[in-house]
Structures are given as C-alpha cells and as structure tokens.
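Secondary and tertiary structure notes
One letter stands for each residue in the lines below.
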Amino acid sequence: MRSIIITGGAGFIGSHVVRLFVNKYPDYKIINLDKLTYAGNLANLKDIEDKPNYKFVKMDICDFEGVYQLLQDEQVDGIIHLAAESHVDRSIKDPFTFARTNVMGTLTLLQAAKLYWESQPTPYVITRKVDTAQPTLNSELSALNQECRFYHISTDEVYGALKFDGTLFTEQTKYQPHSPYSASKASSDHFVRAFHDTYGMPTIVTNCSNNYGPYQFPEKLIPLFINNIRHRKPLPVYGKGENVRDWLYVEDHARAIDLIFHQGKIAETYNIGGFNEWKNIDIIKVIIHTVDRLLGRPEGADMDLITYVTDRQGHDLRYAIDSTKLKTELGWEPSLQFEEGIEKTVRWYLDHQDWMDNVTSGDYQKYYENMYSNR
Ligand code: NAD
Ligand code: DAU
C-alpha cells in the first residue's frame, strides 16, 4: 500500500489529481494537505470526501514540524506537490506571500521529506544523475527507494515569454521568469533539483501550460469571463488581447501527472502542454459564442461586453510548450480537442451556478467548518 501526500488538493488542478488517484488507486492512501487559502475549496472534492482511502489534513506547507509529523504518522512514500499561490495578478500586488508559500513552502516540504526518508531503515537515496558531490550516498536501490518520489508541479511561466516566431519552450529552454509568481516558481524548481543533486533526493519536475476546466477559481480568465458573460458584466481584456497562451484541459494534466508519478524517470523534467495556442481575444470570442449558444441567446450577442483595460504589468507575450519528450518517452498525449474541452467547460460552469455562487459570495469558506462540525 502506498501513502501519498498531494499538496494543494483543494485547489483547481489539485482537486482533479486527488479525484483521479482516489478513484483509480483504492489501495493507496491519498492525503490531501491543504491550508485552504482563498483558492482552496473542499466542495471541489464532495464526490470523493467519504472514500476510505482519502484523508484531508488542513495544514500550511510552511509548517515544518506539522509536515514532518504527518510524514511519520502516515509513513508517506510519495509527495505530489501542487500547493502554491498561483495567480499572476495577485503576485504583482503581494509578492511576499508568493515567496513564502512557493519558495519557503517547497523548501519546507523538501527538507521534511529528506529527513523523514533518510531516517528510514532503507533510506531513499539513489544514484545521483549529476554525480558532482561527495560519493557518500548509497547507490543501492531498495524496495522503498524505488517507491519514493518527490514530484513537483511547476509552470511554463518559468521559461519567460516567447515572440511570435513559432518557437516553443523545451526542457532545455533557460529560465527567465518575469512576474513575481513565475520567479517564485522558478526558485522552487531550483530547490527541488538542488535536493536531488546534493542529497540524491528522488525528485521529478514538470512544467505545464495554462489549464482550463471545472473548479477553477473565477479570478482566472476562463471561469471569470464565463461568469461575467452569464451576468452580462464587462469582460476586462488586458492590453490589446493579443497575448498568446497554450491551453490544456485539466483532466489531461491530471492524467499526465499520474503517468509521470508512476513511470517518469527520477531527476528528469517533463514539459506538459496541449500544442494548442490561442490569442486571448480569439479565445474570448469562442467563449462568448459558446455561452450565448448554451444560454439560448443569439450567438455573439454579448460581444459588446469586451472592454479593453490597462495591460498587466510585465505581461508575458506568448507561452507555448513542446511536450514531445513526454509523448516520445511515456506516450502521453492530450485526449481532448480544444473545441470539445471548451464546450464541456462552459457547460460545466453554467450547470454549476451554485458552485460559482458559493465561491463569489465567499460561502465556500464555511464548507470546511460545516463539514467537520457535523462529524
Ligand atoms: P490554485 O490556486 O487553484 O490552488 C492552490 C491550492 O494550494 C489551494 O487549494 C490552496 O488552498 C493551496 N495552498 C496555497 N498556499 C498553501 C500553503 N501555504 N499550504 C498549503 N496549501 C496551500 O492553483 P492551481 O491553478 O490548481 O495550480 C496548482 C499548481 O499547478 C500550482 O503549483 C501552479 O503553479 C501549477 N500550475 C498551474 C497551472 C494553471 O494553469 N492553473 C499551470 C501550470 C502549473
Ligand atoms: O501558463 C501557466 C500559468 O497559467 C499558471 O502557472 C498560472 O498559475 C495560471 O494562473 C495561468 O497564468 P496566466 O496569467 O496565463 O492565466 P490568467 O487566467 O490569469 O490569464 C490568462 C491570459 O488572459 C493572460 O494573458 C492575461 C489575460 N487576462 C486575464 C484576466 C484574469 C485578461 O486579459 N483579463 C483578465 O481579467
């Protein structure tokens, strides 16, 4: 039986990963470690919260003693780390919170896992990929060694911005983060790799492009705009709307995480993306047409909601991921065409207005208290 901590499991992507693991691996114990910041919402996991192989622990990833104790109590042999402050606009207003959670929080998890795994009768240590340090580590792979994983979920934003020249981010692209968010994620990636290179920690890093789908907090472009169109509120398009993002349906990301957690090579980096680039203004038009159609309004009737506003500071022009390595080495490909994914997504938000209302009213933050006071 495996015992796995998934951090940030009450957030958008984390909730899809938790759901996939809880349903697919009844023999695993899945521990969702989440602080429940504004972005954490346990209602995202309503359908699996009573499963016997699922446990929720409200904890800050910066709480070293708490994390270390949990690793011991649950005899954890795998960590899938998604907890983060994730919104670029918030990072521009409040960079300290991003450094604290994304950098110090990741370092806290790494150090706690290192100390716990080292204290085991058969320590986790494996042959280092980069064998530069002292040759004091045990290169024998024990049964436990082969199981242990610290898998860090990162973003394509660490690579910086591309021009409109058809180039793509590969695993070799040098880091050039621009926003406080991407700088904090880049820093956390470096710590993860440093723990492998220095201590032999069994780490994996993946860098993924923009995700979309159900349960995304409505501060991000797609859920915010779907909700605004529904209520006929203005759609604030930053700058000229010409920035490009590479969109991936969230369940495809969760599938990639499952595959890489089980079959990815230690110390490797994998890019994850949909080969699906869209200019913001074009995707916004698709969303308007889809919402209008599904609500029975004349298609395009809400085009006048588009409102060009001051651009985001340091707004990255274009992201585009080359995920060839993941396809060639592990056989992963996105399963959904964008047209299908966006239709599913818009339909989900329109059908789950109660979820959206709970979030926008702030009521969702009471869900945890109610859920636990009733037990
Ligand atoms: P999210 O903001 O929806 O969720 C973040 C979760 O982390 C929330 O549940 C929150 O409560 C929790 N959290 C925040 N601070 C915490 C702390 N100190 N301790 C414990 N829990 C804490 O984020 P998301 O969009 O689901 O992103 C998840 C991860 O994937 C992040 O690491 C992000 O950088 C990365 N990522 C996101 C995207 C995307 O498009 N959303 C793309 C690539 C990579
Ligand atoms: O690329 C991966 C990243 O994608 C993740 O690491 C981040 O966690 C995630 O938030 C996302 O970052 P973006 O900044 O690309 O996502 P966001 O939804 O905030 O914005 C998408 C694009 O839309 C971006 O070019 C900014 C623009 N935008 C966004 C909002 C919220 C607008 O024009 N208006 C808006 O109101």
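Located above this text is the structure these notes cover.
Attention here is on the structure that accompanies the text. (Residues numbered from 1 in each chain as written. Chains lettered and ligands numbered in written order. Predicted model: local features only at pLDDT ≥ 70, side-chain atom pairs only at ≥ 80, totals over all residues. Heavy atoms only, no water.)

A closer look at the site of ligand 2
Around ligand 2 sit 24 residues in total, of which Thr155, Asp156, Tyr181, Arg312 and His315 are the nearest. Note that an oxygen atom of ligand 2 is positioned 2.7 Å from one of the backbone N or O atoms of Ser86. Within the side chain of Glu157, an N or O atom sits 2.8 Å from an oxygen atom of ligand 2. Coverage of ligand 2 by the protein amounts to 94% of the 690 Å² it exposes when considered alone. When residues of the shell around ligand 2 are traced back to their parent elements, those giving at least two are helix H7 (221-230) and strand E8 (235-238). Grouping the amino acids of the shell around ligand 2 by side-chain chemistry returns 10 nonpolar, eight polar and six charged. (Near = heavy atom within 4 Å. Polar contact = N/O pair within 3.5 Å; in protein donor to acceptor, adjacent residues only side chain to side chain. Areas by Shrake-Rupley, 256 points an atom, 1.4 Å probe, with all protein chains shown as cover. Helix = DSSP H or I, 4+ residues; strand = E, 2+ residues; numbered from the N terminus. Nonpolar A, V, L, I, M, F, W, Y, C, P; charged D, E, K, R; others polar.)

Remarks on the site of ligand 1
Around ligand 1 there are 28 residues in total, and Ile13, Asp34, Ser86, Tyr181 and Lys185 lie nearest to it. Within the contact set of ligand 1, an oxygen atom lies 2.7 Å away from a side-chain nitrogen or oxygen of Ser86. Of all the elements, strand E5 (residues 149-155) adds the most residues to the shell around ligand 1, at three residues. Of the residues in the shell around ligand 1, the class split is 13 nonpolar, 11 polar and four charged.

Overview of the sheet that holds strand E7 (residues 210-212)
As summarised here, the arrangement of the three strands in space is E7-E9-E11, forming an open sheet in which the pairing is mixed. Two strands close off the open sheet at either side, each with one partner strand: E7 and strand E11 (277-279). For this sheet the average axis-to-axis angle between neighbouring strands, irrespective of direction, equals 50 degrees. Here E7 runs beside strand E9 (residues 244-249); their pairing, made up of three bridges, is parallel. Residue pairing in the sheet places Asn210 in a bridge with Trp247 of E9. (Pairing = 2+ DSSP bridges. Axes fitted to C-alpha atoms, helices over the stretch in contact; angles between N-to-C directions.)

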